[in-house]
Number of protein chains: 2
Amino acid sequence: MNKRSVTILGAGLVGSVLAVLLRKRGYEVTIYERRPDMRKEIIGAGRSINLAMSNRGWKALELAGLREDIEAIAIPMPGRFLHQEDGSSAFQSYGKNGEAIYSVSRGELNKKLMDLAENNGVTIHFNQRCTKVDTATNTIYLQEDNETTEIKCDLLFGADGAFSSLRTAMAFNDRTNFSQFYIEAGYKELNIPAGPNGEWLIEKNALHIWPRHNYMMIALPNIDGSFTCTLFFPFEGEPSFESIKTEEEVRTFFNKQFPDAIPLMPTLVEDFMNNPVSSLITTKIFPWRNADKSCLIGDAAHAIVPFYGQGMNAGFEDCSVLEELMEAHGEDWETILSSFEQKRKPNADAVADLALNNFIEMRDKVADPVFLERKKIEKELGRRYAGRFNSVYEMVSFSHTPYAYALHCTKAQDVLLSKIMAEGDFFVNVEKPEFVSQLENWIEEYEALV
Amino acid sequence: MNKRSVTILGAGLVGSVLAVLLRKRGYEVTIYERRPDMRKEIIGAGRSINLAMSNRGWKALELAGLREDIEAIAIPMPGRFLHQEDGSSAFQSYGKNGEAIYSVSRGELNKKLMDLAENNGVTIHFNQRCTKVDTATNTIYLQEDNETTEIKCDLLFGADGAFSSLRTAMAFNDRTNFSQFYIEAGYKELNIPAGPNGEWLIEKNALHIWPRHNYMMIALPNIDGSFTCTLFFPFEGEPSFESIKTEEEVRTFFNKQFPDAIPLMPTLVEDFMNNPVSSLITTKIFPWRNADKSCLIGDAAHAIVPFYGQGMNAGFEDCSVLEELMEAHGEDWETILSSFEQKRKPNADAVADLALNNFIEMRDKVADPVFLERKKIEKELGRRYAGRFNSVYEMVSFSHTPYAYALHCTKAQDVLLSKIMAEGDFFVNVEKPEFVSQLENWIEEYEALV
């Protein structure tokens with residue numbers, strides 16, 4: 001049986017990794033990418049949120065053979081560094097064993113992945129805008145300048161992101177469910193440059209958050225000593241992108257709300273005035289495929305908001321799962337793609353919800369001492385009841401536990417932790433045998449629920 | 001100030017009524033309709049579910065001056081006629097005062113509305129497929145045969161149904177939320193012809209239902225003595241459109257499940273084999289408009305499933321509300337359209353939910369004696385506590401109470417009725433003073449909730 005030839009829309013992170021995995025199995029792979037080659041041309045910045053690579057992402061990079069290369073340009077962030085409203089600060093570790101998520105530049109990662117794909121024999125065509133897909137005939141229409149080329153595909157993957165042209169076409173098919181949902185906040189990229197000697201001016205190994213209830217700013221470290229900041233801010237209301245418009249308003253607002261950041265941001269007003277405001281979309285679709293002919297993957301199948309740092313990680317996990325299915329089912333693409341959408345759809349829906357919920361957590365709850373106490377207790381529970389309790393955050397970021405299971409545990413963990421916290425100071429109580437025996441009961445109740 | 005000229009996509013029910021209301025206020029109105037003129041050409045049948053006109057629909061027809069004309073071709077249905085699995089039957093009236101919904105042929109109604117629109121000075125262009133809308137420039141692209149015409153619109157309405165081209169365009173705009181959701185059941189049109197002398201072979205003045213738990217057949221009367229039947233049936237599973245395929249399977253299935261209908265359906269097997277299976281979509285979008293330039297209305301803004309008979313009624317209520325807003329705000333279309341979407345969106349969402357819930361009620365619950373008892377009690381409560389209690393069904397079908405309020409009352413009515421029914425035979429209990437005083441308390445509790 002001849003290997004099918006594979007066409008991929010999009011040479012982004014997921015498209016490139018997918019291409020490498022397919023080449024390693026001997027498929028001929030061609031990618032069509034809308035943008036110019038970012039390795040040759042400077043791409044306009046101002047819309048990028050730094051990536052936070054965690055376990056699911058690393059796994060796919062390992063399969064692709066790129067883990068070491070990326071580790072060299074990744075900065076570990078073992079916790080959140082909170083910049084509170086009252087000027088105080090606090091560090092909150094993510095894992096109980098110092099586990100970290102890793103700040104990675106999207107551009108650098110993408111360039112390396114493209115190199116790797118080409119080195120593995122993948123052909124990438126740039127400046128090819130896919131204007132239409134005919135799912136019935138599996139034909140893509142690619143526009144370059146004013147010419148349109150028509151290509152009939154054998155096996156087609158849409159790795160073309162949140163506004164995927166394959167997904168747009170699939171959404172017109174009968175009995176295809178689809179939704180797109182924008183949150184009421186948008187974001188703007190800002191910047192903290194490196195110090196005079198290229199040093200990081202705030203803690204390098206942390207994800208910085210300025211939580212301000214219904215909005216927040218975050219900052220992730222870059223290897224050149226700078227930080228990429230992102231302001232997540234309502235579009236309308238008070239304050240909002242609508243209400244803060246003039247240079248004077250920007251200065252006044254930041255002075256009041258982010259006084260510790262202002263001295264670090266010399267180009268703040270310029271950046272604020274020049275950089276665009278982008279919106280944040282969640283998309284869901286089902287089915288993800290058309291028979292054994294075409295399939296969505298990554299953001300094209302499930303675009304999510306960035307608040308759990310799981311967009312790329314979820315897309316890379318799609319690749320790992322597809323790799324396992326190719327291993328199990330050989331050339332039987334009907335079975336591979338049908339298992340793929342069945343396995344991944346519930347997890348994609350779950351991570352979409354986890355990400356939406358985490359916006360509330362990051363912008364609002366992390367400012368609350370009760371919440372910080374809860375996070376400490378969660379880690380202690382994880383140590384004491386290893387294998388029986390693991391916090392949802394750790395499941396999502398530091399394990400390969402299905403997202404759907406992590407989401408499912410959220411409510412039971414809320415119940416457990418509120419029982420524990422109602423008893424007062426956990427770290428005192430936990431020295432008392434009667435509390436420990438009560439705790440054992442609660443943990444058993446928790447286990448029965450999850 | 002010059003009156004704006006109005007372009008409407010779609011000469012269906014809502015587009016035609018809207019056109020009449022705009023003409024009556026002196027606007028120049030042009031409609032572009034995708035299909036040929038149904039008054040001149042025979043349109044392929046097989047996909048139409050008869051309409052059930054209720055109070056909201058009549059109101060708009062009254063405003064348009066068409067009530068009497070339509071009453072002449074409408075058949076009142078004051079209740080449901082249930083054909084149970086065991087061969088028994090029952091009549092269940094919809095209202096406490098004999099109120100009826102009205103069976104109307106979609107085609108006949110649409111033809112009369114087109115005539116009325118043209119008589120009022122509306123221009124309708126047929127065979128004009130809108131292939132694209134540019135919302136930024138308010139330009140529509142109309143295709144007839146192989147030629148495309150570009151028209152820049154002043155004020156544009158999309159009354160072009162569940163697969164609206166204006167809605168498709170709007171869904172690509174930033175920060176536009178959109179969802180489309182198909183239920184797991186589809187439908188097929190079937191037929192009960194008139195008797196030898198043009199008489200109705202089953203009760204004329206009723207909506208007939210054969211409830212069979214996860215599927216059902218309904219039949220609505222036509223003025224020629226026939227009934228249009230619709231089988232709502234799962235796409236997959238057992239039984240389903242997938243599992244019942246051969247003529248023999250159709251015969252066996254109908255003989256077993258609908259034995260009383262079989263003798264009335266001489267062309268059953270032929271109809272089943274020839275008529276298409278159609279899917280059932282719910283769509284939601286927001287915003288509904290682009291500034292004061294374009295706006296969605298009817299199914300284009302909110303396509304719903306047909307189980308409450310409210311699709312056309314909701315679209316016609318859109319027209320009545322728009323009429324009130326034109327009356328209140330003159331030529332201020334920014335205010336008219338902004339108020340329109342704010343007023344109508346919560347009600348459109350509510351009727352979508354009511355319609356989805358009513359599928360469960362019609363196919364499943366109406367077969368249950370407990371449910372029939374509940375319906376009787378609801379009417380008695382409505383009589384005894386006039387102005388304080390009105391069943392959700394009556395609010396939806398026989399009043400102009402906002403759909404959102406009717407949906408909001410659903411849960412409180414469920415609580416009230418389950419309390420009452422837990423006490424046993426209502427029509428015996430209600431003769432006892434102590435029960436009546438208890439009932440008064442419950443009604444007060446209900447009123448506090450709604």
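What counts and what doesn't
Each chain carries its own residue numbering, running from 1 in the direction its sequence is written. Lettering of chains starts at A and numbering of ligands starts at 1, both following the order in which they are written. Local features in this predicted model are restricted to residues whose pLDDT is 70 or higher, and side-chain atom pairs enter the listing and the counts only when it is 80 or higher, whereas totals over whole chains, interfaces and linings include all residues. Hydrogens and water are ignored here; the side-chain numbers use all heavy atoms of the structure. Each helix is a run of H or I in the DSSP string that is no shorter than four residues. Each strand is a run of E no shorter than two, and both are numbered from the N terminus. In this description the radius of gyration comes from C-alpha coordinates, and the expected globular size is given by 2.2 Å times residues to the power 0.38. The buried label applies to any residue whose accessible area, calculated with a 1.4 Å probe on protein chains only, is under 20% of its type's maximum; exposed applies above 50%, and partly exposed to all values in between. The criterion used for residue contact is that any of the two residues' heavy atoms lie within 4.5 Å. Copies overlap after least-squares fitting; the atoms used are the C-alpha atoms of residues with pLDDT of at least 70 in both. Residue ranges assigned to the domains are those given by an automatic or database domain assignment. Throughout, the accessible surface (probe 1.4 Å) given up by two parts as they are put together, summed over both, is called the buried area. Salt bridge, as used here: a side-chain nitrogen of Lys or Arg that lies within 4 Å of a carboxyl oxygen of Asp or Glu. Definition of a polar contact: a pair of N or O atoms within 3.5 Å, with one able to donate and the other able to accept a hydrogen when the atoms are protein atoms, and with sequence-neighbouring residues admitted only if both atoms are side-chain atoms. When DSSP finds at least two bridges between two strands, those strands are taken to pair. Note on definitions: angles span 0 to 180 degrees between N-to-C directions of axes, and those axes are lines fitted to C-alpha atoms, for helices only across the stretch in contact. In this scheme, a helix's expected span is set at 1.5 Å multiplied by one less than its residue total. What counts as a ring pair is set by centres within 6.5 Å for rings of Phe, Tyr and Trp (its six-membered ring), and what kind of pair is set by the plane angle: stacked under 30 degrees, edge-to-face over 60, tilted for all other angles. Angles are sorted into four bins: roughly parallel if under 35 degrees, roughly antiparallel if over 145, roughly perpendicular if 65 to 115, and oblique for all others. Note on convention: the crossing is left-handed when the near helix lies turned anticlockwise from the far helix by less than a right angle, right-handed when the turn is clockwise. Residue type decides the class: Asp, Glu, Lys and Arg count as charged, Ala, Val, Leu, Ile, Met, Phe, Trp, Tyr, Cys and Pro as nonpolar, and the leftover types, Gly among them, as polar.

(A) How the structure looks around the overall build of chain A. On a plain count of helices and strands, chain A comes out with 15 helices and 19 strands. Here the C-alpha atoms of chain A give a radius of gyration of 23 Å, agreeing with the 22 Å that 2.2 N^0.38 yields for 450 residues. Counting only C-alpha atoms and orienting by the principal axes, one finds that chain A spans roughly 70 × 55 × 40 Å. For chain A, the residues scored as buried account for 54% of the 450 residues in total. In chain A, 70% of the contacts between residues at least 6 apart in sequence involve partners at least 24 apart.

(B) Summary view of the relation of the copies chain B and chain A. Mapping chain B onto chain A leaves a residual RMSD of 0.0 Å; the transformation is a rotation of 180 degrees accompanied by 0.0 Å of translation along its axis. The transformation just described matches what one would write down for a two-fold rotation axis. Residue serine 179 of chain B of chain B places its C-alpha closer to the rotation axis than any other residue of that unit, at 2.0 Å. Comparing interface residues between copies, 100% of those in chain B also sit at the interface in chain A, which points to an isologous, same-surface contact.

(C) Spatial organisation of the domain arrangement of chain A. Residues and elements named next belong to chain A. In terms of domains, chain A is made up of domain 1 (5-42 + 105-180 + 281-359) and domain 2 (368-449). On a C-alpha basis, the centres of domain 1 and domain 2 stand 37 Å from each other. In this complex, domain 1 contributes 13 residues to the contact, which on the side of domain 2 involves 10 residues. Looking at the side of domain 1 facing domain 2, the largest losses of area belong to Tyr308, Asn347 and Leu354, adding up to 49% of the total buried there. On inspection of domain 1 and its partner domain 2, the count reaches 0 salt bridges. At the boundary of domain 1 and domain 2, one finds 3 residue pairs in polar contact (both at pLDDT 80 or more). Ranked by residue count, the leading element in the side of domain 1 that touches domain 2 is helix α10 (residues 333-363), at 8 residues.

(D) Representation of the environment of glutamate 324 of chain A in the model. Tracing the backbone through its elements, the reader meets glutamate 324 of chain A in helix α9 (residues 311-329). Between the alpha carbons of glutamate 324 of chain A and phenylalanine 340 of chain A there is a distance of 9.7 Å; along the sequence they are 16 residues apart.

(E) Quick look at the sheet that holds strand β4 (residues 75-77) of chain A. All names here are of chain A. Taking strand neighbours across the sheet as the criterion, the 3 strands line up as β3-β7-β4 in an open arrangement whose pairing is antiparallel. Where the open sheet ends on each side, the last strands, each with one partner, are β3 (51-53) and β4. Direction aside, the axes of adjacent strands within the sheet are offset by 40 degrees on average. In the sheet, β4 pairs with strand β7 (residues 101-104) via 3 bridges, with the strands oriented antiparallel. What sits directly across from proline 76, in β7, is tyrosine 102.

(F) Seen up close, helix α9 (residues 311-329) of chain B. The end-to-end C-alpha distance of α9 of chain B is 27 Å, a good match for the 27 Å that 19 residues give at a rise of 1.5 Å each. By the criterion of burial, α9 of chain B is predominantly enclosed, with 15 of the 19 residues buried.

(G) Seen up close, the sheet that holds strand β9 (residues 129-134) of chain A. Residue and element names in this part refer to chain A. Pairing within the open sheet is antiparallel, and its 3 strands lie in the order β9-β10-β11. Lying at the two open borders of the sheet, with one neighbouring strand each, are β9 and β11 (147-152). The average angle at which neighbouring strand axes cross in this sheet is 20 degrees, direction not considered. In terms of strand pairing, β9 meets strand β10 (residues 139-144) through 5 bridges, oriented antiparallel. Within the sheet, the bridge partner assigned to lysine 132 lies in β10 and is tyrosine 141.

(H) Spatial organisation of the packing of aromatic side chains. Throughout the structure, instances matching the rule amount to 53 aromatic pairs over all chains. An angle of 90 degrees between the planes, with centres 5.1 Å apart, marks the rings of phenylalanine 426 of chain A and phenylalanine 427 of chain A as edge-to-face. By relative accessible area, phenylalanine 426 of chain A is classed as buried at 0%. Ring geometry for phenylalanine 435 of chain B and tryptophan 442 of chain B: centres 6.2 Å apart, planes at 85 degrees, overall edge-to-face.

(I) Fine view of the environment of glycine 315 of chain B. Residues and elements named next belong to chain B. Structurally, glycine 315 can be placed in helix α9. Distance from glycine 315 to alanine 159, taken between C-alpha atoms, is 9.1 Å for residues 156 residues apart in sequence. In this structure, glycine 315 is in contact with Val14, Gly298 and His302, ignoring residues within four places of it in sequence.

(J) Spatial organisation of the packing of helix α10 (residues 333-363) of chain B against helix α13 (residues 403-422) of chain B. Residue and element names in this part refer to chain B. For the pair α10 and α13, the least separation of the axes is 7 Å and the interaxial angle reads 45 degrees. It follows from the interaxial angle that α10 and α13 lie oblique. As for the relative orientation of α10 and α13, their crossing is left-handed in sense. Where α10 approaches α13, its residues Arg344, Pro346, Asn347, Ala350, Val351, Asp353, Leu354 and Asn357 are matched on the opposing element by Tyr403, Ala404, Leu407 and Thr410. Of the residues assigned to the contact of α10 with α13, the class counts are 7 nonpolar, 3 polar and 2 charged.

(K) Looking closely at the interface of chain B and chain A. Contacts between chain B and chain A engage 17 residues on the former and 17 residues on the latter. Both faces considered, chain B and chain A share a buried interface measuring about 1500 Å² in area, 40% of it formed by carbon and sulfur atoms. Among the residues of chain B in contact with chain A, Arg175, Gln180 and Tyr182 of chain B are the three that bury the most area, contributing 42% of the side total. Connecting chain B to chain A are 12 residue pairs in polar contact (both at pLDDT 80 or more). Counting residues per element, the side of chain B that touches chain A draws most heavily on strand β13 (residues 177-192) of chain B, at 7 residues. Of the residues contributing to the side of chain B that touches chain A, the split by class is 6 nonpolar, 7 polar and 4 charged. Strand direction decides the pairing type here: strand β13 (residues 177-192) of chain A and β13 of chain B, joined by 3 bridges, are antiparallel. Among the inter-strand pairings, serine 179 of chain A is bridged to a residue of β13 of chain B, identified as serine 179 of chain B.

(L) The arrangement of the packing of helix α1 (residues 13-24) of chain A against α9 of chain A in detail. Residues and elements named next belong to chain A. Following both chains from N to C, one finds α1 and α9 inclined at 20 degrees, their axes separated by 9 Å at the closest point. Comparing their axes, α9 and α1 come out roughly parallel. By crossing handedness, the relation of α1 to α9 is classed as right-handed. Contacts from Leu13, Val14, Val17, Leu18, Leu21 and Leu22 in α1 reach Met312, Gly315, Phe316, Cys319, Leu322, Glu323 and Met326 in α9. A breakdown of the residues in the contact of α1 with α9 according to their chemical character gives 11 nonpolar, 1 polar and 1 charged.

(M) Expanded view of the pattern of salt bridges. Using the criterion set out here, one finds 72 salt bridges over all chains in the structure. Here arginine 175 of chain B and glutamate 236 of chain A are joined by a salt bridge, their closest N and O atoms 3.1 Å apart. With arginine 175 of chain B in the loop between α5 (165-170) and β13 and glutamate 236 of chain A in the loop between β16 (227-234) and α6 (247-257), this pair bridges two chains. Residue classification places glutamate 236 of chain A among the partly exposed positions, given a relative accessible area of 40%. Taken together, the shared-partner salt bridges connect Arg80, Glu361, Arg374, Lys375, Glu378 and Asp414 of chain A into one network.

(N) Here's a closer look at the pairing of strand β5 (residues 79-83) of chain A. Residue and element names in this part refer to chain A. Of all 5 residues in β5, 5 are buried; the element is thus mostly enclosed. Bridge analysis of β5 against strand β6 (residues 89-93) gives 5 bridges, and the strand direction is antiparallel. From the neighbouring strand, glycine 79 faces β6, where its bridge partner is serine 93. In sequence, β5 turns back onto β6 through a hairpin of 5 residues, with glycine 87 there showing a positive phi of about 90 degrees. Here β5 pairs with strand β14 (residues 207-211) via 3 bridges, running parallel. Bridge pairing in β14 links phenylalanine 81 to histidine 208.

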